[in-house]
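An overview of the molecular structure
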Amino acid sequence: MSVLQVRELAKSYGGVRAVRGVTFDVAAGELVALIGPNGAGKTTTFNMLNGQIAPDAGRVELESEDVTGFSPRQLWRKGVGRTFQVAATFPSMTVAENVEVGLMSQARSFGFFRQGREAVRRPARDLLGLIGMAALADRVCGELAYGDVKRIELALALANAPRLLLMDEPCAGMAPKERGALMELAGRLARTRNTAVLFTEHDMDVVFGHATRVLVMDRGRLIAGGDPHEIRTNAEVRKVYLGSRAESPAS
C-alpha cells in the first residue's frame, strides 16, 4: 500500500526550474533513498514533501489524502515525522526528557506540564527501548556522542507514530560504523512498524547497503528508480552521478 504519493511536483525560482514533474510513490515498509548530484532538486523536493516550501504545481498525497501545501506542523499532525541533517536536542535535558517533550507536543499536553510528563513517561521509555537507548535515559544530552544524538532525534521523529518518516541526510557527521547501525535501525522500524521511510543521502555505501529502492534525480527530473542493483548498473545514473564510485556492471 502506498503511503506517500507524489504527482507531477514542480518548483521554480525565477527562471530556474528546480523540480520538474516529479512523480513517485513510497509504500509502507519501504526504505527509499532519494539521491542525485548537487543541484539535482532532491532537497527542494524533500522540503516540499515536508511543507517547508510550497510547490508551484503537482500534488502530495498521504494515503490518498491531498496534503499539498500543508505546513510542517499540519503534516506532523497527519503522521509525518522528520529528522534533519544536523541533529538538535535540548542539551541540558536528559535523553528521556527530550523524548517526553516530543510526546507532549504530539498530545498537546504542555498546559499541565507535570501531568503531561506523567502521561508520557512510560511511552518515552518504550521509545528509547525501541531505538536501543533505554540505558541512557537519564543521561544529559549534552554529554552524548553525536551518533547517540542522532538516535534521539529518530526517537523524537517517531513520537507521533508516523505513517511516513522523512530522513534528511541521516548519516551526516557520523562515523561509518554508526551510519550502518542507524540505517539498520531505520530499516527495522520500517518493517516492524509498517512505516514508509524516504531519505536523502550522499554516502553510497549507506544507500546501496540499506535502501530497498533508490530514486535518482538530475536537473530537477526523476531519471531513474529501482532496486539498488538496477540503479548501480544504470548507464544514465552512472554517467550523471555515480561515475567511478559505482561498481562496474560486470562486478
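An account of the accompanying structure is given in this report. Note that this is a predicted model, so its numbers are computed, not measured. (Residues numbered from 1 in each chain as written. Predicted model: local features only at pLDDT ≥ 70, side-chain atom pairs only at ≥ 80, totals over all residues. Heavy atoms only, no water.)

Glancing now at unusual backbone geometry. Although it is not a glycine, Glu8 adopts a positive phi angle of roughly 50°. The topology assignment puts Glu8 in strand β1 (residues 2-13). In the Ramachandran plot, Ala161 falls in the positive-phi region, its phi being about 45° despite a non-glycine side chain. Among the structural elements, Ala161 can be located in the loop between α5 (146-157) and β7 (164-168). (Helix = DSSP H or I, 4+ residues; strand = E, 2+ residues; numbered from the N terminus.)

Ranked by size, the top nonpolar core spans 52 residues in total, and within it Ile35, Leu128, Leu154, Phe199, Val207 and Val214 carry the most contacts. Once residues lying within four places of it in the same chain are set aside, the contact partners of Ile35 are Lys42, Glu201, Met204, Val207, Val214, Leu215, Val216, Met217 and Tyr241. Among the nonpolar cores identified, the runner-up in size contains 27 residues, and Ala18, Val22, Ala28 and Met48 belong to it. (Core = buried A, V, L, I, M, F, W, Y, C linked by side-chain atoms within 4.5 Å. Buried < 20%, exposed > 50% of the residue type's maximum accessible area, 1.4 Å probe, protein only. Contact = heavy atoms within 4.5 Å.)

Before going further, it helps to examine the pattern of salt bridges. Evaluated as defined, the whole model comprises 13 salt bridges. Among the ionic pairs, Arg139 bridges to Glu143, the shortest N-O distance being 3.4 Å. A relative accessible area of 35% places Arg139 in the partly exposed class. For Glu143, a relative accessible area of 52% puts it in the exposed group. Several salt bridges converge on common partners, so that one network encompasses Arg59, Glu61 and Asp66. (Salt bridge = Lys/Arg side-chain N within 4 Å of Asp/Glu carboxyl O.)

Position of Arg151 relative to the elements: it lies in helix α5. Other than its neighbours up to four places away in sequence, Arg151 contacts Ile131, Gly132, Met133, Leu182 and Leu185. A polar side-chain atom of Arg151 sits 3.1 Å from the main-chain carbonyl oxygen of Ile131. (Polar contact = N/O pair within 3.5 Å; in protein donor to acceptor, adjacent residues only side chain to side chain.)

What follows concerns the packing of aromatic side chains. By the definition in use, this model includes zero aromatic pairs. If you follow Arg232 out to its NZ or CZ, it ends over the ring of Phe208, 4.2 Å from the centre. (Phe/Tyr/Trp six-rings, centres within 6.5 Å; stacked < 30°, edge-to-face > 60°. Lys NZ or Arg CZ within 6 Å of the ring centre and 35° of its normal.)

Pairing between β1 and strand β4 (residues 57-62): five bridges, direction antiparallel. Looking at the pairing, Arg7 lines up with Arg59 of β4. Here two bridges tie β4 to strand β5 (residues 65-66), and the two strands are oriented antiparallel to one another. Residue pairing across strands places Leu62 opposite Glu65, the latter belonging to β5. Connecting β4 to the next strand, β5, in antiparallel fashion are two residues, including Glu63 with a positive phi near 50°. (Pairing = 2+ DSSP bridges.)

Let us now look at the environment of Gly102. Within the element layout of this structure, Gly102 appears in helix α3 (residues 95-107). Sequence spacing of Gly102 and Ala124 is 22 residues, and the spatial spacing of their C-alpha atoms is 8.8 Å. Residue contacts for Gly102: discarding those within four places in its chain leaves Trp76, Leu156 and Ala159.

It is worth spelling out the sheet that holds β5 at this point. Spatially, β2-β1-β4-β5 is the arrangement adopted by the four strands of the open sheet, whose pairing is antiparallel. Looking at which strands have only one partner, the edges of the open sheet turn out to be β2 (16-27) and β5. Across the sheet, helix α1 (residues 42-49) is in contact with β1, β2 and β4; its angle to β1 comes to roughly 120°. (Axes fitted to C-alpha atoms, helices over the stretch in contact; angles between N-to-C directions.)

Turning to the layout of surface pockets, a few remarks are in order. Its volume calculated, the largest pocket comes out at about 580 Å³. The wall of the largest pocket is formed by 21 residues, among which Trp76, Arg82, Phe84, Ser105 and Leu156 lie closest to the centre. At the level of elements, α2 (72-77), β6 (80-83), α3 and α5 are the ones that each hand at least two residues to the lining of the largest pocket. Looking at the lining of the largest pocket, the element that brings in the most residues is α2, giving five residues. Partitioning the lining of the largest pocket into residue classes produces ten nonpolar, seven polar and four charged. Forming the boundary of the second largest pocket are 13 residues, of which Gly147, Arg151, Glu178, Ala181 and Leu182 lie nearest the centre. The leading source of residues in the lining of the second largest pocket is helix α6 (residues 176-193), at six residues. Taken together, the residues that form the lining of the second largest pocket break down as six nonpolar, two polar and five charged. (1 Å grid on protein atoms, 1.4 Å probe; cavity = no way out; pocket = protein on both sides within 12 Å on 5 of 7 lines; lining within 4 Å. Points joined across faces, edges and corners; volume = space filled by probe spheres on them. Nonpolar A, V, L, I, M, F, W, Y, C, P; charged D, E, K, R; others polar.)

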